[in-house]
Amino acid sequence: RVSSDGKPPKFQPPPKPVIIDRKTRKEETRFLSPEFIPPRGRTDSLKYYIERKDMIQRRKVFNIPEFYVGHVLAVTTAEPRASDKSKRFVGICIQRGGKGLGATFVLRNVIEDQGVEICYELYSPRIQAIEVLKLEKRLDENLMYLRDALPEYSTFDVNMKPVPRMAHEEIPVNKLQVRMKPKPWSKRWERPKYNIKGIKFELPEHKMKAAQKWSQPWLEFDMLREYDTSKIEEKIRKELSEELEK
Amino acid sequence: MMPIWTKSGEKHAVTLLKVQDCHVLRYVSKEESGGKTAKLLVGGKNVSPFSKPESAHEIFKEAGVPRKQKVTTFNVTDDAIIKPGTPLYAAHFRPGQFVDVTAKTIGKGFQGVVKRWGFKGQPASHGQTKTHRRPGAISTNKAAKVYRGKKMPGKMGNIYRTSFGLKVWRINTKHDIIYVNGSVPGHTNCLVKVRDSKLPTYKDCNKNPPFPTFFADGDEELPEDLFDEEIFQFTDPSVKFA
């Protein structure tokens, strides 16, 4: 290269290496409970703001821990007709539904060979304590298929001790493939609309192929179904962190 | 709609109603209106003045108020007359009061007799030829005519209906929101008329309401949220049965 002055070219130092710090990435994707994200609709955002204020009020008084579908929880509720006036139920969380104050979660357990599912409301004043006994995500977000799986996969010891969590590690994903009871099932879980990855299907190949007839491969490209919640989530996270620090 | 819990742990569903820019527009005396009581014209939600001619803006100019989307009449006794131009707030109502809510129901368009009037229709099989949701017979032989008001297919919905005797659980004075028990006719974000209940069981329920209305520039300073006695407030710890 020839410079304009005839002198040798100015020394340009090499570009500095870019260091991606993995720890900061974890802090950015912190947990936001799914009932805070408002659904898509024509309701006024003021309604969601007021509901969120109530939810934050409740969370300040009563601690609702971070949990996902697949965790094993123990819930103590106030029961007027019990002798102790309280009831403790241990079970695996199979579904988290509802938005806002009416958010619910369903716990399943098999007690004395009888499958029991109880649907609790997160913000109900009757709930006195929620403890997370085992932290473990599963491959799906909806474990309703445990109703048709062998009962050993839904039994959890009622007096189970809480498994200690290592200091703020990532929540482990249990890649367990569950074995099912013989058909008929309550729902046709092999169909692609349920998109279940946590079942070990022991069905013959031609049945699995026949189930793919109901697949709708155009759904993932449908732009009208897209609901980008990233900006809404950021705003809500900021609001939450500000309010809870007060 | 939102859930609300009482101190005994029972859940009730509640509708949120927002009092948005309500002003008193005109006072009509008993003789002028020709009714039994005097009337007050009240306007709701503010709306752009450009979509209506100037002649329609007279009422609003007299009161000194921007154009409102809806103008309704309230029958008022002589001691409850308010000067035109005063704003009305949600604090006009108090928790524990009972209220009637009127609104236009959701319009369903032209509907058949099964959906509109709840007729049972006919069976799906066993030889029915092209008759599954039809009204069937419309009158008897002796009558030799069809009576007036016979239930037949037609436009359903988009008419004014009232839900009576709804309890007011909570009032938010900062955002002017009334929490009313149960459901209310109309779609989300529709305009709604709220009045004190006319039911005889709730005649003596209003213990010292703000009369004639709640004035914002008065001496009273209300807290941001007014709760009914039985409501579980989220600042309290969880419910325990003794």
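All figures in this text were calculated on a predicted structure; none of them were measured in a lab.

Draft legend 1. Broad picture of the sheet that holds strand β5 (residues 127-134) of chain A. All names here are of chain A. Sheet architecture is open: five strands sit in the order β4-β3-β2-β1-β5, paired in antiparallel fashion. Looking at strand neighbours, the two that pair on one side only are β4 (114-121) and β5, the edges of this open sheet. Averaged over neighbouring strand pairs, the angle between their axes works out to 35° when direction is ignored.

Draft legend 2. Molecular detail of the pattern of salt bridges. Residue and element names in this part refer to chain A. All chains considered together, the criterion is met by 21 salt bridges over all chains. With a shortest N-O distance of 3.2 Å, Arg96 and Glu35 are connected by a salt bridge. Taken together, the positions of Arg96 in strand β2 (residues 86-97) and Glu35 in the loop between α1 (22-28) and α2 (45-61) put the pair 61 residues apart, joining distant regions of the chain. Each member of the pair Arg96 and Glu35 is classed as buried. The shortest N-O distance in the salt bridge between Lys183 and Glu190 comes to 2.8 Å. A relative accessible area of 11% means that Glu190 is categorised as buried. One connected set of salt bridges, linked through shared partners, spans Glu35, Arg59 and Arg96.

Draft legend 3. The domain arrangement of chain B, seen in detail. Residues and elements named next belong to chain B. Assigned domains within chain B: domain 1 (1-16 + 90-107 + 161-236) and domain 2 (20-88). Counting residues at the interface gives eight residues for domain 1, matched by eleven residues for domain 2. In this assembly, domain 1 packs against domain 2 so that about 820 Å² is buried in total across both faces, 74% of it on carbon and sulfur atoms. Summed over the three residues of domain 1 that lose the most area to domain 2, namely Leu191, Lys193 and Phe211, the buried surface amounts to 51% of that side. On inspection of domain 1 and its partner domain 2, the count reaches zero salt bridges. In this structure, the connection of domain 1 to domain 2 is made through one residue pair in polar contact (both at pLDDT 80 or more). Of the residues contributing to the side of domain 1 that touches domain 2, the split by class is five nonpolar, one polar and two charged.

Parameters and conventions
- Residues numbered from 1 in each chain as written.
- Chains lettered and ligands numbered in written order.
- Predicted model: local features only at pLDDT ≥ 70, side-chain atom pairs only at ≥ 80, totals over all residues.
- Heavy atoms only, no water.
- Pairing = 2+ DSSP bridges.
- Helix = DSSP H or I, 4+ residues; strand = E, 2+ residues; numbered from the N terminus.
- Axes fitted to C-alpha atoms, helices over the stretch in contact; angles between N-to-C directions.
- Salt bridge = Lys/Arg side-chain N within 4 Å of Asp/Glu carboxyl O.
- Buried < 20%, exposed > 50% of the residue type's maximum accessible area, 1.4 Å probe, protein only.
- Domains from an automatic or database assignment.
- Contact = heavy atoms within 4.5 Å.
- Buried area = accessible area lost by both parts, 1.4 Å probe.
- Polar contact = N/O pair within 3.5 Å; in protein donor to acceptor, adjacent residues only side chain to side chain.
- Nonpolar A, V, L, I, M, F, W, Y, C, P; charged D, E, K, R; others polar.

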